[in-house]
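This is what each chain is made of:
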Amino acid sequence: MAKTINGGSGVNFITAITQDINKLMKMGDIAFNFGEQNPLKIKYWYSTGIPMLDIIIRGTFGNEETCIGGIPAGRYIKIDGETGGGKSLIAWNVASDCIRKGGVVLYFDIEKAITEEFADAINVPREGVVLVPFVETLEKIFEVIGIFIKRVITDKVPHALIVIDSVTSMMTEDEIEDEDTIGASNYGRKAKLMGEVLRKLSRALAENNISIILLNQLRANLKKVNKYDDDWMVPTAIAQDFWSQVTLRVYKSSLLKSEKMITGQKLRIVTKKSRYTAHGKEIKVDLDFKTGLQNEGAIFEALKAIKKVVPAGSKGNRIIIDNGKEFTFKAENFKEIYLANLDLQNFAIKSIEETYDKGDWFDMDQDQVMLDKIENKDFRQESGLEVLDAK
């Protein structure tokens, strides 16, 4: 409860000034007593389909009872990654969860990559999706988004999701109408337009529980000056980074093989930004080309990091859970054992959540990385910090 300001009349100042603003501005309820109500409280959360990814975004595992974890409704989400790294798959997982929880989805397939076979393979409820594959310019895309938002409000849809796959593939009207722009960089106008539309839509999205997922391809950073610069860059990313509540980056690692055949890809997913927990955390996930994203590998890595998995000699690895039950297995057999034992699943989730705030199980600590850089003499010279030191 808000404090009472005893300035003679004993009037609760917070309540009084809130009422004054709403009355005198004549714009409806625009001010709120934050101690009593939060108009921006997130009402819906969508799972990414990878519980370990949900936890590094939000700080806890998602579940049906609490709907906590994963992607928040009413916010911008940005996912950057290399080609074939699973960005679209994560977006479709989120879309599926949105539909299952009573929402609707507007999906811009600018890359013309979605097929019925793909949707069926990942169990997307297609009746809840509006697919838009033939609108390619930024201006028209956001015009369609405006129509969609109005219909969501009119029909009182509780929540919705919009996916743009991908921002990198979008053009502007100038690129289509002016032949002189062929071969010329148009990123400046595209970035400016992105900033304008994201700014204009932010209130409508928050008020009506509508999320927008922006997918981007990583490009090699050709302007890299020294070894401390990022190896990757995302065109038109500044406005997206500013407005996004969550920014994920997906890196491809080694290939998965079985009997000399390539069966999948190992991925590393990093939270470059999160408004809900500390950013700079990462997980490692297997992308199986037949069955999709595998959460069990990330759980196994986390359990090893917090020393719940210990070596067992020739038997491989050992886990002893709270009730004293022991599991011995080879690393490649962890998924099979994990899925077959509910006690092991509960133990793993509990152990990871309990140690989450300590940060013991993730590999990347951005603050420490930056501190190490600042202490490094070469970095100070290359970045100009030595000039500041001299002053």
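Preceding block: the structure.
Residues numbered from 1 in each chain as written. Predicted model: local features only at pLDDT ≥ 70, side-chain atom pairs only at ≥ 80, totals over all residues. Heavy atoms only, no water.

**Points about helix α1 (residues 13–25)**
For α1, built from 13 residues, the straight-helix expectation of 18 Å at 1.5 Å per residue is met to within 8% by its first-to-last C-alpha distance of 18 Å. At the N-terminal boundary of α1, the capping side chain belongs to N12, with an oxygen 3.1 Å from the backbone nitrogen of I14. Just beyond α1, the residue with positive phi is K26, at close to 55°. (Helix = DSSP H or I, 4+ residues; strand = E, 2+ residues; numbered from the N terminus. Expected span 1.5 Å × (residues − 1). Polar contact = N/O pair within 3.5 Å; in protein donor to acceptor, adjacent residues only side chain to side chain.)

**Looking at the packing of aromatic side chains**
Tallying each qualifying case throughout the model produces seven aromatic pairs. Each ring, one from F300 and one from F329, has its centre 6.1 Å from the other, and the planes form 65°; the classification is edge-to-face. Of this pair, F300 sits in helix α9 (residues 296–305) while F329 sits in strand β16 (residues 326–329); the two residues are 29 residues apart in sequence, bridging distant segments of the chain. Like F300, the residue F329 is buried in the burial classification. Taken together, a centroid distance of 5.1 Å and an interplanar angle of 40° make the contact between F300 and F334 tilted. Of the two residues, F300 is situated in helix α9 and F334 in helix α10 (residues 334–340); the sequence distance between them amounts to 34 residues. The pair formed by F300 and F334 is uniform in burial state, with each residue classed as buried. (Phe/Tyr/Trp six-rings, centres within 6.5 Å; stacked < 30°, edge-to-face > 60°. Buried < 20%, exposed > 50% of the residue type's maximum accessible area, 1.4 Å probe, protein only.)

**Description of the packing of α9 against helix α11 (residues 342–355)**
Two elements in contact, α9 and α11, have axes separated by 10 Å at closest approach and are oriented at 60°. For the element pair α9 / α11, the angle class is oblique. For the crossing formed where α9 meets α11, the hand is left-handed. Between α9, through I299, A302 and L303, and α11, the contact on the second element is made entirely by A348, S351 and I352. (Axes fitted to C-alpha atoms, helices over the stretch in contact; angles between N-to-C directions. Parallel < 35°, antiparallel > 145°, perpendicular 65-115°, else oblique. Left-handed = near helix turned anticlockwise from the far one by under 90°. Contact = heavy atoms within 4.5 Å.)

**Observations concerning the side chain of T18**
Mapped onto the elements, T18 comes out in helix α1. Sequence-distant contacts of T18, defined by excluding residues within four places in its chain, comprise A31, F32 and N33.

**Here we look at the nonpolar core**
Within the largest apolar cluster, 59 residues are counted, with the highest numbers of intra-cluster contacts made by L53, I283, L303 and I319. Counting residues per element, this core draws most heavily on helix α3 (residues 87–100), which supplies eight residues. When residues no more than four places from it in sequence are discounted, the contact partners of L53 are T48, I90, L248, I269 and I283. Formed by 28 residues, the second largest nonpolar core is a distinct cluster that contains F108, V167, L193 and L205. (Core = buried A, V, L, I, M, F, W, Y, C linked by side-chain atoms within 4.5 Å.)

**Observations concerning the sheet that holds β16**
Ordered by their spatial adjacency, three strands build an open sheet running β14-β15-β16, and the pairing between neighbours is antiparallel. Of all strands in the sheet, those bounded by a partner on one side alone are β14 (310–311) and β16. Where β14 meets strand β15 (residues 317–320), two bridges bridge the pair, whose relative direction is antiparallel. Each residue of the ladder has a partner; that of P311, found in β15, is N317. (Pairing = 2+ DSSP bridges.)

**Description of the pattern of salt bridges**
Pairing between side chains of opposite charge can happen when the charged atoms of each approach one another. With the rule as written, the count across this model stands at 18 salt bridges. Between K78 and D241 there is a salt bridge; the shortest N-O distance is 2.7 Å. Taken together, the residues K78 in strand β3 (residues 76–81) and D241 in helix α8 (residues 237–243) connect sequence positions 163 residues apart. With a relative accessible area of 1%, K78 lands in the buried category. The exposure class assigned to D241 is partly exposed, which follows from its relative accessible area of 32%. (Salt bridge = Lys/Arg side-chain N within 4 Å of Asp/Glu carboxyl O.)

**What about a nonpolar patch on the surface?**
A cluster of nonpolar side chains, F13, I14, I17, I21, M25, M27 and I30, forms an exposed patch at the surface whose accessible area comes to about 580 Å². Under the relative-accessibility criterion, F13 is labelled partly exposed at 45%. (Patch = residues over 30% accessible without salt bridge, like charges linked within 9 Å, V, L, I, M, F, W, Y side chains within 5 Å. Areas by Shrake-Rupley, 256 points an atom, 1.4 Å probe, with all protein chains shown as cover.)

**A closer look at the pairing of strand β4 (residues 104–109)**
Within β4, five of the six residues are buried, which leaves it mostly tucked inside the rest of the structure. In this sheet, strand β6 (residues 160–165) lies alongside β4 in parallel orientation, the contact comprising six bridges. Its bridge partner lying in β6, V104 is registered against A160. Inspection of the sheet shows β4 paired to strand β5 (residues 129–132) by four bridges, in the parallel sense. Residue pairing across strands places Y107 opposite L131, the latter belonging to β5. The parallel pair β4 and β5, bridged by helix α4 (residues 116–121), forms a crossover whose chirality is right-handed. (Right-handed = clockwise from strand over helix to strand, strands pointing away.)

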